[in-house]
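# Examination of the molecular architecture
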Amino acid sequence: QATKRMGLTATLERSDDGIENVLIPYFKKKSFAFGFEQARNDKVIAPYGVATIGVNLSDDEKSIYDEAGTLMGVARNRLQTRYHYPNEFGNFMARIQTAHGFGGEGQLAKQFLSSMKARKEIISESPAKLDTLYYVAEAISVSTSSLVFCETIEAANKISEKLNDLDVYSKPYHTGVNTKERRRILEELAGDLQCIVAVTSLDEGVDLPDVDCGVIISGTSQKRQMIQRMGRVLRRKPDNRGAAFIVVYAKGTTEDPKLHQDDDRNISMIIEHAEIVKIFEGIELEDNDLSEFVFACRDL
């Protein structure tokens, strides 16, 4: 019943129809927006560069990924035709969370979600991505402090272990780590800790110290989440240095920007505002490629 209403948010983004059907009608209109381009022009965020690294899944991984995609497609089609699920993906996902029981709908929902999880695990935990860490470690070593984003706890633990083997002092940060320890990890990042490897638990509501390198090992399908990740790294630095993003993606999958020109403006969004863009194939990487990229970004 309020006659005067104001909403403030860093990310007016949702994966369902809540913005158009609920928020905008309630507040009547969007009265002001301050996007990345204006923030960059006004110099309230750090200038930055993006390096993308495409890697190939193994034949076995690709087979599992494709099979899981087929099962997802079958389940989604049947849910839409038999149970009138919406076509729009965000609304579809909102509806599927309410499915339960052992009936036809519940079984199809379970098939869809388990197959989606299988695909996520394949592209998050691929050894080909772990192989790029040899070069990513060089970039982290010459940065002030770094964040590595991934999508599963297993991937976070593996990545952190591999970075430590490469002499990069790193710790995983996810819901499997207790709250007290997570708080201590954030405090360490202002000291000797070089890198935090985070699952989605770090995407929102965390104030971080002077991070100037962000590495995305596994992409997100949510634009809101990508904006949050960018925000962790793009705060203006006291010495006005630039920041660097490194995006590692599996070619031929939903992460591949070449196959998804409209990728919900995730990778394309992070690229379009960058001052420097470097495109690497995983097999083409050489020593110092990424460390030189970080130094170039720092001087922006």
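Residues numbered from 1 in each chain as written. Predicted model: local features only at pLDDT ≥ 70, side-chain atom pairs only at ≥ 80, totals over all residues. Heavy atoms only, no water.

## Overview of the packing of aromatic side chains
Overall, the coordinates contain five aromatic pairs when judged by the stated rule. Taking 5.0 Å as the distance between ring centres and 90 degrees as the angle between the ring planes, the aromatic pair formed by Tyr26 and Phe27 counts as edge-to-face. When the ring of Tyr134 is compared with that of Tyr135, the centres are 4.9 Å apart and the planes differ by 90 degrees; the resulting orientation is edge-to-face. You can call Tyr134 partly exposed: its relative accessible area is 41%. Among the aromatic side chains, those forming a connected cluster through ring pairs are Tyr85, Phe92 and Phe112. Between the NZ or CZ atom of Arg5 and the centre of the ring of Tyr26, over which it lies, the distance is 4.1 Å. The ring of Tyr173 has Arg182 lying over it, and the distance from NZ or CZ to the ring centre is 5.8 Å. (Phe/Tyr/Trp six-rings, centres within 6.5 Å; stacked < 30°, edge-to-face > 60°. Buried < 20%, exposed > 50% of the residue type's maximum accessible area, 1.4 Å probe, protein only. Lys NZ or Arg CZ within 6 Å of the ring centre and 35° of its normal.)

## Brief notes about the nonpolar core
Within the largest apolar cluster, 33 residues are counted, with the highest numbers of intra-cluster contacts made by Val148, Ile159, Leu163, Ile246 and Leu290. The set of elements that each furnish at least two residues to this core consists of strand 1 (48-55), helix 7 (133-141), helix 8 (153-165), strand 4 (195-198), strand 5 (213-216), strand 6 (243-250), strand 7 (276-281) and helix 12 (289-298). In this view, Ile159 contacts Leu130, Leu133, Val148, Cys150, Val197 and Ile217; residues no more than four positions away in its chain are not counted. (Core = buried A, V, L, I, M, F, W, Y, C linked by side-chain atoms within 4.5 Å. Helix = DSSP H or I, 4+ residues; strand = E, 2+ residues; numbered from the N terminus. Contact = heavy atoms within 4.5 Å.)

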